[in-house]
Amino acid sequence: MPSWAWLLVALSLAALTANSTGAVAYKQSERNCSLSPPYLPTTALNTTLRLQDLRKEMLLRNVAAYIIPATDAHLSEYIAPRDARMAFMTGFTGSAGTAVVTQTKAALWTDSRYWVQAERQMDCHWELEKDVSISSVAQWLISEVPPGGEVGFDPFLFSLKTQEDYRLNLDSSNRTLKSVPVNLVDQVWKQRPPVLLYNLTRLPDRVIQRPWQMKVEHVRNQMRDNPYEPTALLLSALDETAWLFNLRGNDIPYNPFFYSYTLLTKDAIWLFLHTDRVTEELRVYLNASCVGSLCVQLRSYDAVRDDLKAYVAEPGVKVWIGTEYTNYALYEIITPEEKLMTSSYSPVLTTKAVKDETEQRILRDAHVRDAVAVIQLLMWLEKAVPEGKETELTAAQYVNKCRGKQKDSRGPSFETISASGPNAALAHYSPTEETIRRLTVDEMYLVDSGGQYLDGTTDITRTVHWGAPTAMQKAKLLVVLSDILSLNIFTVVFFSLSLTHRLASQEAFTRVLMGNIEISRTVFPSGTRGVNMEMLGRRALWEVGLNYGHGTGHGVGNYFGVHEWPVGFQSNNIPFRSGMFTSIEPGYYKENDFGIRIEDVAVIVPVNTKYGHNYVTFDTVSLVPYDRKLIDTTLLSSEQLRWLNKYYETIRRLVAPELDSQGLKEEKDWMLKHTEPFVEAASSASVWSSSLTLIALAVTLLRNII
């Protein structure tokens, strides 16, 4: 066999073993509690003293178990460091989970995104329960808490549904929930971070179409028109108050929110916040010195429960709440039942979901500038990665630096997911000094990042491959295949096995892209629910037995939350209407190997149809090209290919002028190169198919010989 053929064998073996080698190193960073003494990685937190102190507090209040959710009093997705009670007790810093402590045991429940992370961060005092259902937590409590025992919880950290689900699961077992208004973790957290009293800011007029007074009157009109005749509306979600008054803060990482509640009646406005952070300028802006229907009465943040209780005690009142974001501590004092009116979401959230003309325009503008930053990242990585010095962490830092240079930048909108090879198989992995991988031309790389700008919030994911692997360049493959015939059968098999992995990753990428395109190009009646369209993003994957385990999209705000409810593709999201922004993000993840996600933000816009009226479609506002090497155009339909070429025309039309204005000629050339139109490859498809058949025959022949 020629010497170069042996080299091909060696390279093939290296490709086959590279992922398994990475997986071994990956697992060594996790705890092993079966050893004596247990093995704990440096990332694990020693929780011995914290558990001892908490158990003392539990004894003082006669609770046999204590539940610690991963949220705050506003049921926020992202929380401030001072509200990270679950992380303080367990060491686990994932965004989703529930911890439970008894006098003898401690356990954490979280979903599959975070199992590996939990094993890296928790010590052996904690059991990991690979479930997220309340019924699973309840069954564990029933097995660990004796009959008649009480299970304590902080009512400010429980939603209405959470409390009801626990109650239903525990009632028949002779174990009961006990509301403990004083948080027990706070009692043992001696160095709990304080509230950072940064000044609040109002949005400048150039990014506002509706002043806060107009918004208040619009919401009041919805209250008046409601047949259940509410006299007041309680706003608990942080983005509700921020949106209503066109105010922003920075109490919550990555989200421009501030601790607040609002009680809006037909003739009064009560704003509960830390009043010492309100400047004199803001007091004038809010009409805080007068008494009237458009005068904001500033109240202490901690007074909300007492003031709400006093209002409910008045005759003839009825308080409207959105059950998704109102905590149980406020809900339980709105009694009797005839003084309560509920809906899943408040009228503020449903109104905010539809962007006005100004919000749509400036959010589109923000995505143009954001595209410049992402293009800078991808162009830099394309040159830097082959040198072998860059890591997942340096890439994340670089894209944050690029965004920081853009006009009106306010920082990242979430912690960047920068993941190579097997790390990308964890859908929500973020790099740390302990887990980072060096970026290499031999692995696929996924970067999910976003920015906060004064005029909008962005979220975009691209998956790329910098090498020139044989299977990624079909034309080159055909040349190499002609030489394979001169090799012996074992070389062919090694080559084909290596090629199978490469082909699988390319096909998976293309099918993920097909899902993104299928949703993006769909025309549908206004009022259609996202959950009824979600399968379009999965169909191309399902056809070959692939799938992904996360949602297909979420709402996006205007200098707000990157995950803005209630828009999206889940069953509890509201129907799509023109003016809503949502992400579209199908993916595929091969455990310990690679991860693929393609995410764009799109706005729902009206569309003219031949016969029907009131139809809409998606208009993609993310403006960064996909990796051409990973797209197998032979899998795309002609409609999908036309959509892709039209999208690339849009990128050129909108991003090129911005690159010119910033004097970024090299970046413009890169963008133009990567947005060249695709042509249908019908003729080459048959050759490609024949080539794959040749490889398949070689594998079959070996099996017969063996």
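Because the structure is predicted, anything quoted here is derived from the model rather than measured. (Residues numbered from 1 in each chain as written. Predicted model: local features only at pLDDT ≥ 70, side-chain atom pairs only at ≥ 80, totals over all residues. Heavy atoms only, no water.)

A. Local environment of the sheet that holds strand β3 (residues 106-109). Reading across from one edge, β4-β3-β2-β1-β5-β6 is the order of the six strands in this open sheet, with mixed pairing throughout. If you trace the sheet from one side to the other, it starts and ends with β4 (126-129) and β6 (176-179), each paired once. Sheet twist, expressed as the average angle between the axes of neighbouring strands with direction ignored, equals 25°. Looking at chain direction, strand β2 (residues 98-102) and β3 are connected through four bridges and run antiparallel. Looking at the pairing, valine 101 lines up with alanine 106 of β3. Contacting β1 (65-69), β2, β3 and β4, helix α2 (residues 48-60) runs over the sheet at an angle of about 70° to β2. (Pairing = 2+ DSSP bridges. Helix = DSSP H or I, 4+ residues; strand = E, 2+ residues; numbered from the N terminus. Axes fitted to C-alpha atoms, helices over the stretch in contact; angles between N-to-C directions. Contact = heavy atoms within 4.5 Å.)

B. Expanded view of unusual backbone geometry. Of the consecutive residues serine 36 and proline 37, the connecting peptide bond is found in the cis state with omega at 0°. With an omega dihedral of 0°, the bond running from threonine 335 to proline 336 counts as a cis peptide bond. In this structure, proline 336 sits in the loop between α12 (328-331) and β14 (340-343). Positive phi is not limited to glycine here, since asparagine 174 has a value of about 65°. In this structure, asparagine 174 sits in the loop between α6 (160-171) and β6. With a relative accessible area of 48%, asparagine 174 lands in the partly exposed category. Phi at asparagine 287 is positive, roughly 55°, even though this residue is not glycine. Within the fold, asparagine 287 resides in the loop between α10 (280-285) and β12 (296-300). (Buried < 20%, exposed > 50% of the residue type's maximum accessible area, 1.4 Å probe, protein only.)

C. The packing of helix α8 (residues 212-225) against helix α9 (residues 238-245), seen in detail. Where α8 contacts α9, the axes come no closer than 7 Å and their chain directions differ by 120°. The angle between the axes of α8 and α9 places the two elements in the oblique class. Of α9, the residues touching α8 (which contributes Trp212, Lys215, Val216 and Val219) are Trp243, Leu244 and Phe245. Considered class by class, the residues forming the contact of α8 with α9 number six nonpolar, no polar and one charged. (Parallel < 35°, antiparallel > 145°, perpendicular 65-115°, else oblique. Nonpolar A, V, L, I, M, F, W, Y, C, P; charged D, E, K, R; others polar.)

D. Fine view of the nonpolar core. The biggest cluster of nonpolar side chains holds 63 residues, and the ones touching the most others in it are Leu381, Tyr445, Tyr626, Ile631, Leu644 and Tyr648. Leaving out residues up to four positions away in the same chain, tyrosine 445 has contacts with Leu381, Ala395, Ser418, Ala419, Ser420, Leu439, Arg462, Thr463, Val464 and Trp466. One finds Ala73, Ala268, Ile334 and Val348 within the second-largest nonpolar core, a separate group that totals 56 residues. (Core = buried A, V, L, I, M, F, W, Y, C linked by side-chain atoms within 4.5 Å.)

E. Region of interest: the pattern of salt bridges. Throughout the structure, instances matching the rule amount to 40 salt bridges. The salt bridge partner of arginine 210 is glutamate 359, with a shortest N-O separation of 3.3 Å. Of this pair, arginine 210 sits in the loop between β7 (201-202) and α8 while glutamate 359 sits in helix α14 (residues 357-384), and the two are 149 residues apart along the sequence. As far as the burial class goes, arginine 210 and glutamate 359 line up, both buried. Note that glutamate 443 is salt-bridged to arginine 437, the shortest N-O span being 2.5 Å. (Salt bridge = Lys/Arg side-chain N within 4 Å of Asp/Glu carboxyl O.)

F. Seen up close, empty space enclosed by the protein. Using the criterion set out here, one finds four cavities of 30 Å³ or more in the structure. Along the wall of the largest cavity there are 19 residues; nearest its centre are Leu203, Val207, Arg248, Glu359 and Asn558. Considered class by class, the residues forming the lining of the largest cavity number eight nonpolar, three polar and eight charged. One number sums up the size of the second largest cavity: a volume of about 120 Å³. Leu378, Glu382, Arg462, Val464, His465, Trp466, Pro625, Tyr626, Asp627, Lys629, Trp670 and His674 together form the lining of the second largest cavity. Contributing elements (two or more residues each) for the lining of the second largest cavity: α14, β20 (460-464) and α20 (665-674). (1 Å grid on protein atoms, 1.4 Å probe; cavity = no way out; pocket = protein on both sides within 12 Å on 5 of 7 lines; lining within 4 Å. Points joined across faces, edges and corners; volume = space filled by probe spheres on them.)

G. Quick look at the state of the cysteines. A complete count under the given rule lists two disulfides for this structure. Through a disulfide, cysteine 33 is tied to cysteine 124; the S-S separation comes to 2.0 Å. Because the sign of the S-S torsion sets the handedness, a value of about -95° for the bond joining cysteine 33 and cysteine 124 places this disulfide among the left-handed ones. You can see cysteine 33 sitting in the loop between α1 (3-27) and α2 and its partner cysteine 124 sitting in the loop between α4 (115-121) and β4, a full 91 residues away along the chain. At a sulfur-sulfur separation of 1.8 Å, the disulfide partner of cysteine 290 is cysteine 295. Taking the sign of the torsion about the S-S bond as the criterion, the disulfide between cysteine 290 and cysteine 295, at about -105°, is left-handed. Exposure remark for cysteine 290: the relative accessible area of 33% places this residue in the partly exposed category. (Disulfide = S-S within 2.5 Å.)

H. Quick look at α2. In this model, α2 (13 residues) spans 19 Å end to end at C-alpha, consistent with the 18 Å of a helix rising 1.5 Å per residue. Buried within α2 we find Leu51, Leu54, Arg55, Glu57 and Met58. Looking straight down α2, one finds its buried side chains confined to an arc of 160°; they lie on one side. For α2, exposure combined with an orientation more than 90 degrees from the buried face picks out Leu49, Lys56, Leu59 and Leu60. On its buried face, α2 is in contact with β1, α3 (85-90), β2, β3, β4 and α7 (184-188). With its phi angle positive at about 60°, asparagine 62 sits one or two positions after the end of α2. (Expected span 1.5 Å × (residues − 1). Arc of directions from axis to C-beta.)

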